[in-house]
Structure formats: C-alpha cells, structure tokens
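Single-letter residue listing:
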Amino acid sequence: MTAVSAPRISSRLAGIKPSPTLALGARIQRLKAEGRDIIALNGGEPDFNTPEPIIEAAKLAMDAGLTKYTPTPGAPALRAAVAEKFRRENGLSPRPEETIITVGAKQAVQNALLALIEPGDEVLLLAPFWPTYADQVRMAGGIPAIVSTEMSEGFQPDLDRLKAACTPRTKAIIINSPCNPTGAVLERPALKEIASMALTRGLWVISDEIYERLVYDGFVPQSIAALGTEIAARTVTISGASKAFAMTGWRIGYACGPLEAIQAMNLIQDQQTSGAVTFAQEGARAALALPDEEVEAMRREYDARRELMGRRLLAISGVRLQMPKGAFYHFPDFSAFLGGRAQDDFALAELLLEAGVAAIPGSCFEGPGHLRLSYACSREAITLGLDRLEAALAGLRA
Ligand SMILES: Cc1ncc(COP(=O)(O)O)c(C=O)c1O
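All values derive from a computational prediction rather than experimental measurement.

Procedures and definitions
Residues numbered from 1 in each chain as written. Predicted model: local features only at pLDDT ≥ 70, side-chain atom pairs only at ≥ 80, totals over all residues. Heavy atoms only, no water. Near = heavy atom within 4 Å. Polar contact = N/O pair within 3.5 Å; in protein donor to acceptor, adjacent residues only side chain to side chain. Areas by Shrake-Rupley, 256 points an atom, 1.4 Å probe, with all protein chains shown as cover. 1 Å grid on protein atoms, 1.4 Å probe; cavity = no way out; pocket = protein on both sides within 12 Å on 5 of 7 lines; lining within 4 Å. Sits in = over half its atoms within 2 Å of the grid points. Helix = DSSP H or I, 4+ residues; strand = E, 2+ residues; numbered from the N terminus. Nonpolar A, V, L, I, M, F, W, Y, C, P; charged D, E, K, R; others polar. Pairing = 2+ DSSP bridges. Axes fitted to C-alpha atoms, helices over the stretch in contact; angles between N-to-C directions. Contact = heavy atoms within 4.5 Å. Points joined across faces, edges and corners; volume = space filled by probe spheres on them. Core = buried A, V, L, I, M, F, W, Y, C linked by side-chain atoms within 4.5 Å. Buried < 20%, exposed > 50% of the residue type's maximum accessible area, 1.4 Å probe, protein only. Phe/Tyr/Trp six-rings, centres within 6.5 Å; stacked < 30°, edge-to-face > 60°.

**Structural notes on the site of the ligand**
- Residues in contact with the ligand amount to 13 residues; listed here are only the nearest, Asn180, Asp208, Tyr211, Ser242 and Lys243.
- Here an oxygen atom of the ligand and a backbone polar atom of Ala105 are 2.8 Å apart.
- Contacts to the ligand include Lys106, whose backbone N or O atom sits 2.9 Å from an oxygen atom.
- In isolation the ligand exposes 390 Å². Once the protein is present, 92% of that is buried.
- Structurally, the ligand is housed in the largest pocket.
- For the shell around the ligand, the leading source of residues is helix α4 (residues 104-116), giving 3 residues.
- Among the residues making up the shell around the ligand, the classes are represented as 5 nonpolar, 4 polar and 4 charged.

Written as structure tokens, this is what we have:
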C-alpha cells in the first residue's frame with residue numbers, strides 16, 4: 001500500500017487560540033493540586049452556590065421525567081419566561097418565538113455570528129473585549145476589526161474611531177455592557193451613536209448583556225435594542241443564567257431578536273447541540289422567577305468586594321484604575337511597573353503567579369499593560385491577594 005500524507009486539521013482553526021482565561025484556570029487548578037498556595041483572582045465565575053430553589057426545580061424536573069429532548073430553541077415555558085424577562089427588565093417586546101435558549105451565552109454569540117455574517121465579513125469589536133468574540137468571528141470565517149477604547153474616556157467608544165474602522169465589508173458590531181474585562185457600562189449617548197451608525201451603515205448588532213444584573217453605583221443597564229423598533233430589528237440581544245444566578249455549570253444562555261435572525265440561529269443549533277439540557281432549562285425557569293432579593297444579595301456582596309479591591313489598588317502608587325460600573329472585574333493599568341524585570345503584562349502575570357496570586361494579562365483582552373483581577377472571590381482572598389500583589393510590585397520597584 002502506498003502511504004499518502006496524513007490528513008490535516010481544518011484550516012478553519014488557523015489562528016484560533018484556546019481561551020486564555022480557561023487555560024490559566026486549568027493551570028492554576030494543576031498548581032493548586034501540586035500543593036502551591038495561590039490566591040486565584042483570575043476566575044470568571046461567581047463563587048456563590050446556585051440558589052437552592054433553582055437546584056430544587058431541576059431535581060423535581062428530573063424526578064418528573066423531564067429527561068428527554070426539548071425543542072431546539074428551548075422548552076416553550078422557558079421561552080415564554082425569557083420573553084417576559086426581556087420585556088420586564090430590558091424594555092424589549094419579543095414574542096416567545098423571537099427568543100432562543102442556548103447552551104450558555106457563548107453558544108448564543110456563536111450562533112448569531114454563524115447566522116449573520118458571510119466569510120470575509122468584518123465585525124467591529126470594542127477593545128478591550130472578551131477574547132472569545134475574536135475567535136468566534138474567525139471560526140465563522142469573519143475578520144475581527146478592533147477599535148480601541150481608552151481608560152481615560154471611561155472605556156466609552158469614540159464614534160470617529162468606530163466610523164473610521166467601518167469598510168464596505170463591515171457587517172456587524174459586537175457590544176458588551178457591562179464589559180468583561182473593564183466593567184464599563186455603555187452609556188446612553190454611546191448606545192445611541194452605535195445604533196445610529198448601525199442603521200446608516202446597515203450593520204447587525206450583537207449585544208452581549210450577560211452581566212446586566214451585576215451593576216453598581218445605581219446604574220440602570222440599558223439595552224441598545226430598547227432605543228427603538230428600527231434598531232431592535234437588527235439587534236440580537238444576548239444574556240443568560242450563568243453570572244447573575246451563579247449557574248455557570250448549567251450552561252443556559254438566552255437571546256432575542258428579529259424572527260429571521262432567531263430562526264437562523266435555531267437552524268444552526270438544530271444541527272449542532274439541539275436544545276439545552278432539559279432539567280437545566282427548568283432550573284433557569286426557576287431562576288427567572290426568583291425574588292429579586294436572591295440576586296440582590298449577591299450583587300451587594302460583589303459591590304462590597306469591588307470597593308475593597310478598588311481601595312487597595314488605588315492605594316498603590318503607579319496603579320491606574322477606572323472604577324468598574326458592572327460585572328465582577330477590576331482592569332487596572334500596571335504600565336508604570338513594566339519595562340524592567342517584567343517586560344509586559346504577560347511577564348507581570350507570571351511574576352505575580354510566582355508570588356502566589358493569579359491574574360489574567362490584559363493583552364489577552366487586547367488591553368496591554370493591564371491585568372484583569374476578579375472579585376468573584378471572598379473578601380479574605382481579595383485582602384491576601386492584594387497583600388501579595390502589593391509586595392510583588394514593591395519588589396519590582398526596588
Ligand atoms: C462577556 C461574556 N459573554 C459571555 C460569556 C459566556 O457565558 P456562558 O457561561 O453563559 O456561556 C462570558 C463568560 O465569561 C462573558 O464574560
């Protein structure tokens with residue numbers, strides 16, 4: 001038999017990187033298992049347990065035999081509850097058939113990209129951004145078009161920079177408010193400008209609002225699709241159970257948008273995962289029916305941790321910080337400490353890991369010079385982690 005060359009992995013994956021946040025998380029788990037003492041400020045998930053009524057609802061669902069497929073776009077009762085949630089909390093008015101339940105919000109973003117863009121299309125991303133967006137755009141055959149935002153401008157987008165990045169191939173913009181990693185919340189004037197640009201340039205808007213319940217300083221989150229029917233007709237609004245209800249492992253996301261887009265997303269999901277886990281959907285239905293106080297108690301605790309971590313960071317000379325308005329991350333700028341023993345934010349994160357505190361390099365989010373520090377961990381962990389960080393930075397200065 002003549003041997004031919006071995007089959008290759010698809011070129012579709014050229015340039016796709018493993019999720020840096022998940023990779024660092026796995027590495028820290030390994031180091032901890034080897035006995036290393038590490039304060040993990042790298043996490044992207046709530047440290048709270050899923051509230052009991054949600055767990056109870058899923059158990060009851062299993063006992064009642066809800067262990068079979070649901071329709072691909074979700075159990076009708078959950079879709080109705082999600083439509084009601086988007087009406088109540090977001091000022092939108094989707095019919096249940098204009099909603100879809102996905103396997104985490106991550107799948108909703110991927111479905112939307114696969115459904116809405118053509119190979120070669122450009123998708124605007126506001127940096128710093130969650131790295132998954134760029135890789136999902138590439139997996140859909142698109143090209144990420146990165147537009148920077150500045151900490152000194154509260155990470156709000158600059159319209160001129162956005163317009164300058166638009167080309168005839170620009171097909172969509174992804175926005176994320178509150179933002180992972182900056183914690184910035186897009187203000188109404190910025191949303192109006194983005195909406196008006198999307199309308200005049202004929203763009204789709206993918207609005208990832210997964211952190212919408214975790215906002216501080218009295219901020220009321222705002223959905224771009226609520227600005228008017230025209231912008232609603234070209235926006236896919238995405239949220240999910242993972243962050244607000246401490247349900248990351250349940251893998252339930254949801255989205256709403258124009259019927260045509262949701263049907264296209266459904267078509268993709270039909271050939272991909274089918275519906276999300278049936279009893280997890282029942283858990284999500286219980287989550288959406290929880291009294292506000294359940295989420296509010298967690299939000300208040302995040303707020304206290306945000307203040308604690310913010311105060312500690314601001315007390316370190318040379319650290320620049322924009323107080324986050326939402327999500328559960330600080331994204332301070334450590335540029336003043338770079339160039340010597342720590343050449344860049346990757347080297348700084350390595351050095352901090354040696355010192356027993358884990359953070360994610362800002363470059364993973366297209367925010368070089370920064371680190372992402374999560375406050376989805378106990379106050380004790382924050383205090384100890386910041387003690388180590390402060391000592392390591394003092395060592396760098398010396
Ligand atoms: C901005 C953003 N969107 C979506 C997700 C994914 O959410 P899920 O776990 O529901 O897939 C994350 C998770 O870290 C995120 O930070």
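**Points about the sheet that holds strand β2 (residues 99-102)**
- Strand order across the open sheet formed by 7 strands is β2-β8-β7-β6-β5-β3-β4, with mixed pairing between neighbours. Strand pairing shows two members of the sheet lacking a second neighbour, β2 and β4 (143-148), which therefore form its edges. Strand-to-strand, the axes of this sheet are offset by a mean angle of 20°, without reference to chain direction.
- Note: β2 against strand β8 (residues 253-256), 4 bridges, orientation antiparallel. Within β8, the residue paired with Thr99 across the bridge is Cys256.
- Contacting β2, β7 (235-240) and β8, helix α3 (residues 76-90) crosses the sheet at an angle of about 115° to β2.

**A look at the layout of surface pockets**
- Considering only enclosed or pocket space, the largest pocket measures out at about 910 Å³ in volume.
- Around the largest pocket sit 35 residues that line it, and Leu22, Gly43, Gly44, Glu45 and Lys243 are the ones nearest its centre.
- When contributions to the lining of the largest pocket are tallied by element, the ones reaching two or more residues are α1 (20-33), α4, α5 (132-139) and β12 (371-374).
- In terms of residue class, the lining of the largest pocket is built from 13 nonpolar, 14 polar and 8 charged.

**Concerning the nonpolar core**
- Residues Leu113, Leu313, Phe334 and Leu393 are the most contacted members of the largest nonpolar core, which totals 66 residues.
- The element contributing the most residues to this core is helix α13 (residues 379-397), with 7 residues.
- Aside from chain neighbours lying at most four places away, what touches Leu313 is Val319, Leu321, His330, Pro332, Phe334, Leu373, Leu386 and Leu389.
- Counting 25 residues, the second largest nonpolar core, distinct from the first, contains Ala58, Ala81, Ala225 and Leu288.

**Some thoughts on empty space enclosed by the protein**
- Using the criterion set out here, one finds 2 cavities of 30 Å³ or more in the structure.
- Put simply, the largest cavity is a space of about 170 Å³.
- Around the largest cavity, the lining comprises 17 residues; the ones closest to its centre are Leu126, Pro128, Asn176, Cys179 and Leu186.
- The computed volume of the second largest cavity comes to approximately 50 Å³.

**Here we look at the packing of aromatic side chains**
- As enumerated under the stated definition, the model contains 11 aromatic pairs in all.
- Judged by centre distance (6.3 Å) and plane angle (85°), the rings of Phe86 and Tyr254 are edge-to-face. Taken together, the residues Phe86 in helix α3 and Tyr254 in strand β8 connect sequence positions 168 residues apart. Tyr254 matches Phe86 in its accessibility class, with the two residues each being buried.
- Judged by centre distance (5.5 Å) and plane angle (90°), the ring pair of Tyr211 and Phe328 falls under edge-to-face. Of this pair, Tyr211 sits in the loop between β6 (204-208) and α8 (229-232) while Phe328 sits in the loop between α11 (292-314) and β9 (329-330), and the two are 117 residues apart along the sequence.
- Among the residues examined, Phe328 registers a relative accessible area of 0% and is labelled buried.
- Through pairs of rings, three or more aromatic residues link up here, namely Phe48, Tyr211, Tyr302, Phe328 and Tyr329.

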